[in-house]
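Descriptive structure summary
Residues per chain, in single letters:
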Amino acid sequence: MPLNIPGILAPFHLLKNPRLVIPHVIVKDIRQIDFLALRNAGYRGAVFDKDNCLTIPHKDTLVPQLEDAWRECREAFGEENIIIVSNSAGTKFDAGGIQAESVSFHLSVPVLRHDTLKPGHSCIASIRAYFSSLRIPIPDDELVVVGDRIFTDVIMANRMRSGFASSASDASARARIGGPLAIWTDGVWQKESMVMRWAEKRLVDLVRKWARHGETSSVGTNIFVRELPPPEPRKTGSALTKMLNVMKWR
């Protein structure tokens with residue numbers, strides 16, 4: 001993994017604005033996100049992280065359990081209005097853009113090509129350039145940013161806020177945020193950087209407690225969250241059933 005200078009410097013930015021680490025929505029994985037509700041609320045585009053958000057780390061294929069949710073997302077926003085922004089695929093460390101091409105093929109959406117890693121301001125500029133180039137441009141406040149890391153995905157989303165958020169109590173969630181909706185997926189498909197993840201979670205809890213009111217509840221974003229589907233039952237029989245099946249075919 002390349003050295004992420006913007007990510008290393010991000011904690012120093014928190015000294016000035018600690019609320020940058022607070023996500024607007026927290027889910028275990030994207031199956032809890034109601035993409036149709038997001039679309040109906042005025043969100044038209046989405047930025048996704050790759051590793052441990054959509055794929056197993058260092059793999060290019062979608063986690064099988066996410067197939068229905070990912071299809072729903074693409075149908076809600078349109079495939080050209082969704083981009084993958086990874087700190088591996090599509091960066092200058094992705095020789096020849098080979099991994100970006102593979103990820104784009106398997107996930108059916110574009111992968112952003114960018115030189116600066118998340119949450120760097122140059123990466124943000126590349127994201128804005130992409131969505132501004134679409135046939136119908138998408139502004140920051142109509143974007144959803146989804147990722148599993150606080151110091152990269154959530155901070156990047158909150159850095160994109162304009163500062164012109166509405167404080168009116170009857171304003172919509174999108175108007176009250178004043179920028180992209182930051183969605184943190186706090187589950188993992190494969191254990192990776194668990195100490196750092198623990199530290200990020202503790203920091204979010206501390207900042208939300210310090211701020212007294214977590215932004216997630218204050219802007220009415222609970223309408224975008226649904227229950228996880230029940231786990232599929234394991235198809236395993238008892239030892240007696242297996243023995244009887246063996247005897248049956250003898």
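Structure: see above.
So, here is what we can say about the structure in this document. (Residues numbered from 1 in each chain as written. Predicted model: local features only at pLDDT ≥ 70, side-chain atom pairs only at ≥ 80, totals over all residues. Heavy atoms only, no water.)

1. Things to note about the nonpolar core
Ranked by internal contacts, the top residues of the largest apolar core, which has 35 residues, are Ile-30, Leu-38, Phe-48 and Trp-70. Element by element, the count of residues in this core is highest for helix H3 (residues 67-77), at 5 residues. Apart from the residues lying within four places of it in its own chain, the contact partners of Leu-38 are Ile-33, Tyr-43, Phe-77, Val-144, Leu-181, Ile-183 and Phe-224. Listed in part, the 29 residues of the second largest apolar core include Ile-83, Leu-112, Phe-151 and Ile-155. (Core = buried A, V, L, I, M, F, W, Y, C linked by side-chain atoms within 4.5 Å. Buried < 20%, exposed > 50% of the residue type's maximum accessible area, 1.4 Å probe, protein only. Helix = DSSP H or I, 4+ residues; strand = E, 2+ residues; numbered from the N terminus. Contact = heavy atoms within 4.5 Å.)

2. Regarding unusual backbone geometry
The omega angle of the peptide bond from Lys-118 to Pro-119 is 5 degrees, so this bond is cis rather than trans. Positionally, Pro-119 belongs in the loop between helix H4 (98-107) and helix H5 (121-132). Even without being a glycine, Asn-52 presents a positive backbone phi close to 65 degrees. Mapped onto the fold, Asn-52 is located in the loop between strand S2 (45-48) and H3. We note that His-58 has phi near 70 degrees; this positive angle belongs to a residue other than glycine. Its location among the elements puts His-58 in the loop between S2 and H3. With relative accessibility at 61%, the residue His-58 sits in the exposed group.

3. Observations concerning helix H6 (residues 150-159)
Counting buried positions along H6 gives 10 out of 10 residues, so the element sits mostly inside the fold. For H6, the complete set of buried residues consists of Ile-150, Phe-151, Thr-152, Asp-153, Val-154, Ile-155, Met-156, Ala-157, Asn-158 and Arg-159.

4. Notes on the pattern of salt bridges
According to the stated counting rule, one finds 14 salt bridges in the structure shown. Between Arg-197 and Glu-192 there is a salt bridge, and its shortest N-O distance comes to 3.8 Å. Lys-201 is the salt-bridge partner of Asp-205, the closest N and O atoms lying 3.4 Å from each other. Separated by 4 residues within a single helix, Asp-205 and Lys-201 lie in helix H8 (residues 194-210), roughly one turn from each other. By sharing partners, the salt bridges in this structure join Asp-49, Lys-118 and Asp-153 into a single network. (Salt bridge = Lys/Arg side-chain N within 4 Å of Asp/Glu carboxyl O.)

5. Re H8
Taking 1.5 Å as the rise per residue, H8 with 17 residues should run 24 Å; its terminal C-alpha atoms sit 24 Å apart, in good agreement. When H8 is considered as a whole, its buried residues turn out to be Arg-197, Glu-200, Val-204 and Val-207. Buried residues in H8, looked at end-on, bunch into an arc of 95 degrees, giving them a common side. Exposed and facing more than 90 degrees away from the buried side of H8 are Val-195, Trp-198, Lys-209 and Trp-210. Tucked into the core, H8 has its buried residues touching H6 and strand S5 (181-185). (Expected span 1.5 Å × (residues − 1). Arc of directions from axis to C-beta.)

6. Things to note about the layout of surface pockets
Its volume calculated, the second largest pocket comes out at about 420 Å³. Lining the second largest pocket we find 17 residues, and of these Arg-31, Gln-65, Pro-229, Pro-230 and Pro-231 sit closest to its centre. Of the residues assigned to the lining of the second largest pocket, the class counts are 7 nonpolar, 1 polar and 9 charged. (1 Å grid on protein atoms, 1.4 Å probe; cavity = no way out; pocket = protein on both sides within 12 Å on 5 of 7 lines; lining within 4 Å. Points joined across faces, edges and corners; volume = space filled by probe spheres on them. Nonpolar A, V, L, I, M, F, W, Y, C, P; charged D, E, K, R; others polar.)

7. Notes on the sheet that holds S2
Spatially, the 5 strands line up as an open sheet ordered S1-S5-S4-S2-S3, and their pairing is parallel. At either margin of the open sheet sits one strand with a lone partner, and together these are strand S1 (25-27) and strand S3 (82-84). If you compare each strand with its neighbour and ignore which way they point, the axes differ by 20 degrees on average. Pairing analysis gives 3 bridges linking S1 to S5, with the strands arranged parallel. When the sheet's bridge partners are listed, Val-27 is paired in S5 with Thr-185. Lying on the sheet, H3 is in contact with S2, S3 and strand S4 (143-147); it crosses S3 at an angle near 130 degrees. On top of the sheet, H6 reaches S2, S4 and S5; it is set at about 165 degrees to S5, its chief contact. (Pairing = 2+ DSSP bridges. Axes fitted to C-alpha atoms, helices over the stretch in contact; angles between N-to-C directions.)

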